[in-house]
Amino acid sequence: MAEVFLRRLSRWQAEQQREDVATVYTACHEQARYQEQGSTRDVGRGPGQAPYRIGGQERTEFLARFERHVQERDFDMVAADSAAGLVGCLYGYRAAPETPDFAALRDVLPPAATAAAAAGRLFLLVELMVLPEHRRRRVATRLRDLLLARHGTDVVVTTLAAAPGEESAHEVLRAWSCTRLGAFGTPPREAWLHPA
């Protein structure tokens, strides 16, 4: 397995790499769909194969969300790269009471998190993705540690789709000792509180 190195991305760099990020996102969610359906088909890169299948509505919707997230206050992103290219990333932003994502999840937040948002100290992690072939190698934990090094005094909440196929995300959040707060919004998403 090739060595994976981490790097912070500025807002501009994140925008420049949006297509690569969308490819990783699609590969991660495609793998989850196949696992949910009980398929053993490999969605990774094989000899002579194109790198993952990309396209479709899901990719388009992700790119629209990503473009909005990149513009949010204090957007922060860390990427994991190998010699072959991008293998994962984690990003989020500082949420305020007027932020659309905060308004949607307000009802599931504990009072301390709501107060932190009012004080400008609530950081939302909105996307964590690591290609299937790089999982279980501490890449996600290394991404989290580097990203949250800047946000040590913040209340940190992760949001993710409340859909079948998110078992690997749940495993990661439990390993990080996060607490599930509940579901919110349409389509439904889950909120998880990181330990202080």
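Predicted model, so just to flag it, every value in this text is computed and none were measured. (Residues numbered from 1 in each chain as written. Predicted model: local features only at pLDDT ≥ 70, side-chain atom pairs only at ≥ 80, totals over all residues. Heavy atoms only, no water.)

Observations regarding the pattern of salt bridges
Convention followed: The salt bridge definition used is simple: a Lys or Arg side-chain nitrogen within 4 Å of an Asp or Glu carboxyl oxygen. The helix count covers DSSP runs of H or I at least four residues long, the strand count covers runs of E at least two residues long, and both are numbered beginning at the N terminus. Buried, partly exposed and exposed residues are distinguished by accessible area as a fraction of the type maximum, computed with a 1.4 Å probe on protein chains only: under 20%, between the cut-offs, and over 50%, respectively.
Evaluation of the coordinates by the stated rule reveals 12 salt bridges. One salt bridge in this structure joins Glu-190 and Arg-180, with 3.7 Å as the shortest N-O distance. Taken as a pair, Glu-190 in strand β7 (residues 189–193) and Arg-180 in strand β6 (residues 179–184) lie far apart in primary sequence, 10 residues in all. Using a relative accessible area of 44% as the deciding quantity, one classes Arg-180 as partly exposed. Salt bridges here are not isolated pairs; linked through shared partners, they connect Arg-8, Asp-76 and Arg-150.

Considerations on the pairing of β6
What counts, and what does not: Criterion used throughout: strands pair if DSSP finds at least two bridges between them.
When β6 meets β7, the two strands line up antiparallel, connected through five bridges. Looking at the pairing, Gly-182 lines up with Ala-191 of β7. Once β6 ends, the chain turns through four residues before running back antiparallel as β7, passing Gly-185 with a positive phi of about 75°.

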